[in-house]
Amino acid sequence: MKLNVIPTPKGVSCKEKVLFFDPALRHGDFDAEALVFAEQMKKCTGENLTFADNGISTVKTDLLYPGEYRLTADSEGVTVYAFDSDGASYAFATLLQLSRIRDGKLILPALTVWDSPDFGYRGLMIDCARSFHTLDELKKYVDLCYFYKVKYLHIHFSDDESYTLPSEKFPKLSTEGKCFTFAEIAELDEYAASRHVGIIPEVDTPGHSTAILKAYPEIFGKEGIITFSEKAVGAVGDIYREICAMFPHSEYIHIGGDESRLGWWLDNDECTEFGKKCGFSIDDDAPGMTGAEYIMLRYLAYFIKSNAEAVLSCGKRPIVWEGFHKATNGMVPKEAAVMVFDSSYQLPGELLEGGFEIINCSWLPTYVVTPTWFYPLEDCYNWDVCSYGTINDASPYKNGMMRLAPDEKMIGGQLSSWGDTIEKAFPTKEDGHRDELEKIRERLPFISENLWNREKIRAFPDINAALRETDAVLGKLLK
């Protein structure tokens, strides 16, 4: 019997026998995860699962590894075995995909499933800065991540268009009408944590920061890029420390660092003076480039280093886009994971050689820019963590895919949905968000499949067939 579960479990023993159970929970070692499952089942089936003497049991066992689970359904009942709460949550996500209610009974095949993820980083990114998403919309994406065992929801909270986070230290940062309250952020943080989905908040600096510049030009500067000054760099560090406090459950904080127009810094005396104070001179030996180019790249690396250290000082780990040059790899803390998106700054292999852990966010096929830019489902199936594709003319592998040898520092990947065109191409923002969700629902299962399983277990037609079944359940969950 084939199980319509995505991502595909690594081990399944299933009999041609259907079992009927009372839809209830039994108190055990993972009651919090069981209650979330009950909440999700209520959305999908309308059935209220409560604690009783007979019901789904949860058992903590040291015989499994972190994140691993075993799920059994037999004549004795349904039991979730896990080493930790992550594993229990993944088991319940599998159970949610499988469960059906008929005549007040929970229907399952007689089975044993044992499973665990191969990659620790499995992500989805949503762009709130270019198209503001409500708290309820973000909760749906949390549920989507829970359903397909995607561990992180990366939210792009700031860009040139808007700054969507609240701030006590810099209250004018928040864009009017496009900003979350502190209460909403706290609710999102708790909601995601209960479903074992980590929120990764991103404030992109020093580029993509027009909204920040407009709010406080006297601190951050007025043109193109945040000023490379002691005042501005210190204030940006304060922003990240405030974000760390705002997301107590977050493991990672994203500090941006991409597509910065560094030329602004060369024409600014304040930047030059701060650069001298940091020990940089335009006359320093430059490795295969002009002194002017080298000093700009070191300004950027210093900026990234300062932001990364602010995050690390709060006990969290920074993530940065691949926007810095390999000549400055030694300046950026190795605790920072690097998201590789088009490799025009440096190749993923160079980042690995530089000692960084990397996350595959390659344009092709993991980017969605609805309604104009998205890739066929089979491309998403064929992709894996070692495969990189881009549309950037500056990349040495444009019009093709580059494949790297597996490396332990390749920690995962993600599907990224950008909001550049949503509010330009649709009659309403709501129409755009519906189209965005549809395209993500179609593609995220294949990305999740390849992040959960290092090697492909099922052919594309088999997963596509399973997707029709799982998406029908998901549709009820997301109503």
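Everything below is about the structure shown above.
Scope of this entry: the structure provided in the associated data block. Here the residue numbering is sequential within each chain, running from 1 through the sequence in written order. Under the rules for a predicted model, residues below a pLDDT of 70 receive no local features and side-chain atom pairs below 80 are neither given nor counted, while totals for whole chains, interfaces and linings still include all residues. To obtain the side-chain values, all non-hydrogen atoms of the structure were included, while hydrogens and water were left out.

Put simply, DSSP marks the helices as runs of H or I at least four residues long and the strands as runs of E at least two long, and each gets a number from the N terminus on. Within the secondary structure, Trp-373 is located in the loop between strand S14 (367–368) and helix H13 (377–382). For Trp-373 and Val-12, which are 361 residues apart along the polypeptide, the C-alpha to C-alpha distance reads 37 Å. We call two residues in contact whenever any of their non-hydrogen atoms come within 4.5 Å of each other. Leaving out residues up to four positions away in the same chain, Trp-373 has contacts with Trp-363, Tyr-367, Val-368 and Ile-391. At 2.7 Å, the side chain of Trp-373 and the side chain of Tyr-375 are in polar contact. Pairing of N or O atoms within 3.5 Å defines a polar contact, subject to two protein rules: one partner must be a possible hydrogen donor and the other a possible acceptor, and residues neighboring in sequence count only if both atoms are side-chain atoms.

All right, on to the side chain of Arg-195 then. You can see Arg-195 is positioned in the loop between helix H4 (182–194) and strand S9 (198–205). Engagement of the side chain of Arg-195 in a polar contact is seen with the side chain of Asp-143, the distance being 3.1 Å. Leave out the neighbours within four places in its chain, and Arg-195 touches Val-36, Glu-39, Gln-40, Ser-89, Val-142, Asp-143 and Tyr-146.

A few words on the packing of helix H3 (residues 135–147) against helix H15 (residues 429–452). Helix axes are fitted to C-alpha atoms over the stretch in contact, other axes to C-alpha atoms as well, and angles between N-to-C directions run from 0 to 180 degrees. Contact geometry of H3 with H15 gives a least axis separation of 12 Å together with a crossing angle of 10 degrees. Overall, the two elements H3 and H15 adopt an arrangement that is roughly parallel. Where H3 approaches H15, its residues Glu-137, Tyr-141 and Leu-144 are matched on the opposing element by His-433, Glu-436, Leu-437, Ile-440, Arg-441 and Leu-444. Note on residue classes: Ala, Val, Leu, Ile, Met, Phe, Trp, Tyr, Cys and Pro are nonpolar, Asp, Glu, Lys and Arg are charged, and everything else, Gly too, is polar. A per-class count over the contact of H3 with H15 returns five nonpolar, one polar and three charged. By definition in this entry, angles of less than 35 degrees are roughly parallel, angles greater than 145 are roughly antiparallel, angles of 65 to 115 are roughly perpendicular, and the rest are oblique.

A few words on unusual backbone geometry. Between Leu-364 and Pro-365 the backbone carries a cis peptide bond, its omega angle lying at 10 degrees. Relative to the assigned elements, Pro-365 resides in helix H12 (residues 363–366). Between Thr-370 and Pro-371 the backbone carries a cis peptide bond, its omega angle lying at 5 degrees. Considering the arrangement of structural elements, one finds Pro-371 in the loop between S14 and H13. Even without a glycine there, the phi angle at Glu-259 is positive, about 45 degrees. Look at Glu-259 and you get partly exposed, because its relative accessible area is 41%. Its identity is not glycine, yet Ser-343 carries a phi of approximately 60 degrees, on the positive side. Looking at where Ser-343 falls in the secondary structure, it is placed in the loop between strand S12 (337–340) and helix H11 (348–353). Buried residues are those whose accessible area, probed at 1.4 Å on protein chains only, stays under 20% of the maximum for their type, while exposed residues exceed 50% and partly exposed ones sit between those limits. Take Ser-343: its relative accessible area is 2%, and that puts it in the buried class.

It is worth spelling out the pairing of strand S17 (residues 410–417) at this point. Of all eight residues that make up S17, eight are buried, and the element is covered over most of its length. For two strands to count as paired, DSSP must find a minimum of two bridges between them. Bridge count for strand S7 (residues 121–127) against S17 is six bridges, and the pairing is parallel. Counterpart to Tyr-121 in the pairing with S17 is Gly-412. In terms of strand pairing, strand S13 (residues 358–360) meets S17 through three bridges, oriented parallel. When the sheet's bridge partners are listed, Asn-360 is paired in S17 with Gly-413. Bridge count between S14 and S17: two bridges; the pairing is parallel. The residue bridging Val-368 from the neighbouring strand is Ser-417, located in S17.

The subject of this paragraph is the pattern of salt bridges. Every case where a carboxyl oxygen of Asp or Glu lies within 4 Å of a side-chain nitrogen of Lys or Arg is listed as a salt bridge. A complete count under the given rule lists 23 salt bridges for this structure. One salt bridge in this structure joins Arg-195 and Asp-143, with 3.1 Å as the shortest N-O distance. Taken as a pair, Arg-195 in the loop between H4 and S9 and Asp-143 in helix H3 lie far apart in primary sequence, 52 residues in all. On the basis of relative accessibility, which here comes to 3%, the residue Arg-195 falls in the buried class. Salt-bridge contacts for Lys-439 lead to Asp-435; the nearest nitrogen and oxygen are separated by 2.8 Å. You can see Lys-439 and its partner Asp-435 sitting in helix H15, four residues apart, about one turn around the helix. A relative accessible area of 9% places Lys-439 in the buried class. Salt bridges sharing common partners tie together Asp-127, Arg-130, Asp-159, Glu-161 and Asp-420.

With that settled, the discussion passes to the nonpolar core. Across soluble globular proteins, nonpolar side chains have a tendency to be buried as a group. Here, the term nonpolar core denotes a set of buried Ala, Val, Leu, Ile, Met, Phe, Trp, Tyr and Cys residues that are joined through side-chain atoms within 4.5 Å. Counting residues in hydrophobic clusters, the biggest one holds 139 residues, and the most contacted among them are Phe-37, Leu-124, Leu-153 and Phe-220. Ranked by the residues each element gives to this core, the list is headed by helix H10 (residues 291–312), at eleven residues. Among all residues touching Leu-124, those that are not within four sequence positions of it are Tyr-141, Leu-144, Cys-145, Val-150, Tyr-152, Leu-153, His-154, Gln-414, Leu-415, Ile-440 and Leu-444. Among the nonpolar cores identified, the runner-up in size contains 18 residues, and Met-125, Ile-319, Phe-341 and Tyr-367 belong to it.

Moving on: the packing of aromatic side chains. We describe a pair of aromatic rings using the distance from one ring centre to the other and the angle between the two ring planes. Stacked, tilted and edge-to-face are the three classes assigned to paired rings of Phe, Tyr and Trp, where Trp is represented by its six-membered ring and a pair needs centres within 6.5 Å; plane angles under 30 degrees give stacked, over 60 edge-to-face, the rest tilted. For the structure shown, the criterion picks out 30 aromatic pairs. On the basis of an interplanar angle of 45 degrees and a centroid distance of 4.6 Å, the ring pair of Phe-132 and Phe-180 is categorised as tilted. You can see Phe-132 sitting in the loop between S7 and H3 and its partner Phe-180 sitting in the loop between strand S8 (152–156) and H4, a full 48 residues away along the chain. Aromatic ring contacts, followed pair by pair, group Phe-228, Trp-265, Phe-274, Phe-280, Tyr-299, Tyr-302 and Phe-303 into a single cluster. Any Lys NZ or Arg CZ that is within 6 Å of a ring centre and within 35 degrees of that ring's normal is treated as a charge sitting over the ring. Lys-60 extends its terminal NZ or CZ atom over the ring of Phe-83, reaching a point 4.4 Å from the ring centre.

Turning next to helix H2 (residues 85–98). Take the residue count of a helix, subtract one, and multiply by 1.5 Å to get its expected span. Taking 1.5 Å of rise per residue, the 14 residues of H2 would be expected to cover 20 Å, and the 20 Å separating its terminal C-alpha atoms lies within 8% of that figure. By the criterion of burial, H2 is predominantly enclosed, with twelve of the 14 residues buried. For H2, the set of buried residues is Gly-87, Ala-88, Ser-89, Tyr-90, Ala-91, Phe-92, Ala-93, Thr-94, Leu-95, Leu-96, Gln-97 and Leu-98.

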